[in-house]
Amino acid sequence: MAYKAALFFCVSPTSVLFMAPLTLSVFSAACFSALVSVEQGMGLFTGVYLALASSAQPCGILTLLMVLYSSMRHVAAQTILYVKQKKKNSTTPGQGGQNKQPTNNQQSYEQMVTAMTTIGFAAMVPGIWCIVSSLSPFAAFQWFGFAAFCKLQSHELGTFAPEVIEYGKDNNFSMPGTEEKPEWCFKDPPIPYMHIGGALELREPFIHWVPEEWPHYIACAPAFVLVLWQVGHFFKMHKRYCIRLGLVDNTMLGLNKPRTLSWIITKALPREALIYLLQALLLILSSISLASVQTVCRIMLACNPILYWIAALTTTSIDREPVPATENTDEFPSGLAAEKMAVLVESGRNLYSPFSTLLLTENTSSELASWTKIYFFGYLSLGTMIFASDFPGL
């Protein structure tokens, strides 16, 4: 599924924007790198990736949802383990039928210290680092805007190139260092992002849905429908896990993972995809009163892998066996073993073709699979033409 999801990412509705000189490609690369780092265990580079994502686009802060969720899972797992062990110690009798109260208290104290240490180093410290790293670029840019446009004096304007000053005056731009300060300088708080039009604003439901943007609604509707369908199907297949928000996980408690049918048969994503589904659902709901439909769709496709997973899931036949992959890069196959695995994942003929891929040569297993491919390839072609014609609002 990972290989097909990567192929669908290459032909996604927003792939044309990744080839344009925009910050979206940097934003997407940083977000996916941060997600991989969170899954493998938060560390120093997680904060670096989050900082790069929020530097490229302010909505990179949304990736903090995965950081908070990962920290909450660690806290919940350690708390449950500590409580279970404490109950076990309190019911353990000593010799002669009497409880070993001093020994049990000592064990409980040691277990509490161990739990708090694990929570601190696995959840709290990395979480705080990631939050600070993600918010720092945004805060630094807002301070720069305030200092440049609200505090800079006219005699300091000479530090700018004469061409820049002349161009700003000719186009009636707000120039730093002028006597007439922008209105947002006198607002409370004087944050440029909140007053220039980039900030989200809560509006009446659907009031910003205008008929002029009907091409965007048609283009984004299939993506939203696929995500909403998977949300309902996922909840149906993993109801107990969803009710507990995935915070109580047997694998983190040292217990055996519950047996479930293969995702190829159930057409429901694995349980670990819960937080990605929740983020996608929140983004879709935000299009009702907060952001435009095309903005939500673009952000969801750039920083969340859920739609690519759904596309790979719906287009995979139930007769096809999944190819297991290892997470340890030192154990990756090489030589003849690597060629055998590549043939299992991709058709042997496609391996030597510069254009042909599994998405083009495999037989579709259902109408949903056919329509999913039509949507991705059709929107790629349509999006390229729209972008080339400089359609407003893209």
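In the block above lies the structure referred to throughout.
Calculation criteria
Residues numbered from 1 in each chain as written. Predicted model: local features only at pLDDT ≥ 70, side-chain atom pairs only at ≥ 80, totals over all residues. Heavy atoms only, no water. Helix = DSSP H or I, 4+ residues; strand = E, 2+ residues; numbered from the N terminus. Buried < 20%, exposed > 50% of the residue type's maximum accessible area, 1.4 Å probe, protein only. Contact = heavy atoms within 4.5 Å. Areas by Shrake-Rupley, 256 points an atom, 1.4 Å probe, with all protein chains shown as cover. Arc of directions from axis to C-beta. Disulfide = S-S within 2.5 Å. Salt bridge = Lys/Arg side-chain N within 4 Å of Asp/Glu carboxyl O. Phe/Tyr/Trp six-rings, centres within 6.5 Å; stacked < 30°, edge-to-face > 60°.

## Points about the overall build of the chain
Next, step 1: Scanning the chain for helices and strands turns up 17 helices and zero strands.
Next, step 2: Every one of the 394 residues in the chain was classed for burial, and the buried ones make up 38%.
Next, step 3: Residue pairs in contact within the chain that sit at least 24 positions apart in sequence constitute 76% of those at least 6 positions apart.
Next, step 4: Approximately 23,400 Å² of the chain is accessible, and the part contributed by carbon and sulfur atoms is 64%.

## Side note on helix 1 (residues 2-10)
Next, step 1: Every buried residue belonging to helix 1 is among Lys4, Ala5, Leu7 and Phe8, and all of these are buried. Looking down the long axis of helix 1, one finds its buried residues gathered within 160° of arc, a one-sided arrangement. Away from its buried face, by an angle of more than 90 degrees, helix 1 presents the exposed residues Ala2 and Cys10.

## Remarks on the state of the cysteines
Next, step 1: Summed over the entire model, instances satisfying the criterion amount to one disulfide.
Next, step 2: Note that cysteine 150 is cross-linked by a disulfide to cysteine 185, the S-S spacing being 1.9 Å. Given an S-S torsion of about -85°, the disulfide between cysteine 150 and cysteine 185 has left-handed geometry. Of this pair, cysteine 150 sits in helix 6 (residues 101-151) while cysteine 185 sits in the loop between helix 7 (162-170) and helix 8 (192-195), and the two are 35 residues apart along the sequence.
Next, step 3: Counting only cysteine sulfurs, cysteine 297 is the nearest neighbor of cysteine 220, a cysteine outside any disulfide, at a range of 3.4 Å.

## Some remarks on the pattern of salt bridges
Next, step 1: Following the criterion strictly, the structure yields two salt bridges and no others.
Next, step 2: Among the salt bridges present, the one from lysine 4 reaches glutamate 362, with a minimum N-O distance of 2.9 Å. Of this pair, lysine 4 sits in helix 1 while glutamate 362 sits in the loop between helix 16 (358-361) and helix 17 (367-388), and the two are 358 residues apart along the sequence. We note that lysine 4, like glutamate 362, is buried.
Next, step 3: Between lysine 373 and glutamate 362 there is a salt bridge whose closest N-O contact spans 3.0 Å. Of this pair, lysine 373 sits in helix 17 while glutamate 362 sits in the loop between helix 16 and helix 17, and the two are 11 residues apart along the sequence.
Next, step 4: Overall, the relative accessible area of 8% leaves lysine 373 in the buried class.
Next, step 5: Residue glutamate 362 is classed as buried on the basis of its relative accessible area of 17%.
Next, step 6: Each of Lys4, Glu362 and Lys373 takes part in one network of salt bridges that share partners.

## Focus: the packing of aromatic side chains
Next, step 1: Scanning the entire structure with this criterion turns up 10 aromatic pairs.
Next, step 2: For the ring pair phenylalanine 9 and phenylalanine 32, a centre distance of 5.7 Å and an interplane angle of 85° mean the geometry is edge-to-face. With phenylalanine 9 in helix 1 and phenylalanine 32 in helix 3 (residues 24-40), this pair connects stretches of sequence that are 23 residues apart.
Next, step 3: On the accessibility criterion, phenylalanine 32 (21% relative accessible area) is partly exposed.
Next, step 4: Counting every residue linked through ring pairs, the aromatic cluster contains Phe8, Tyr375, Phe376 and Tyr379.

Scope: geometric values only; no functional claims are made or implied.
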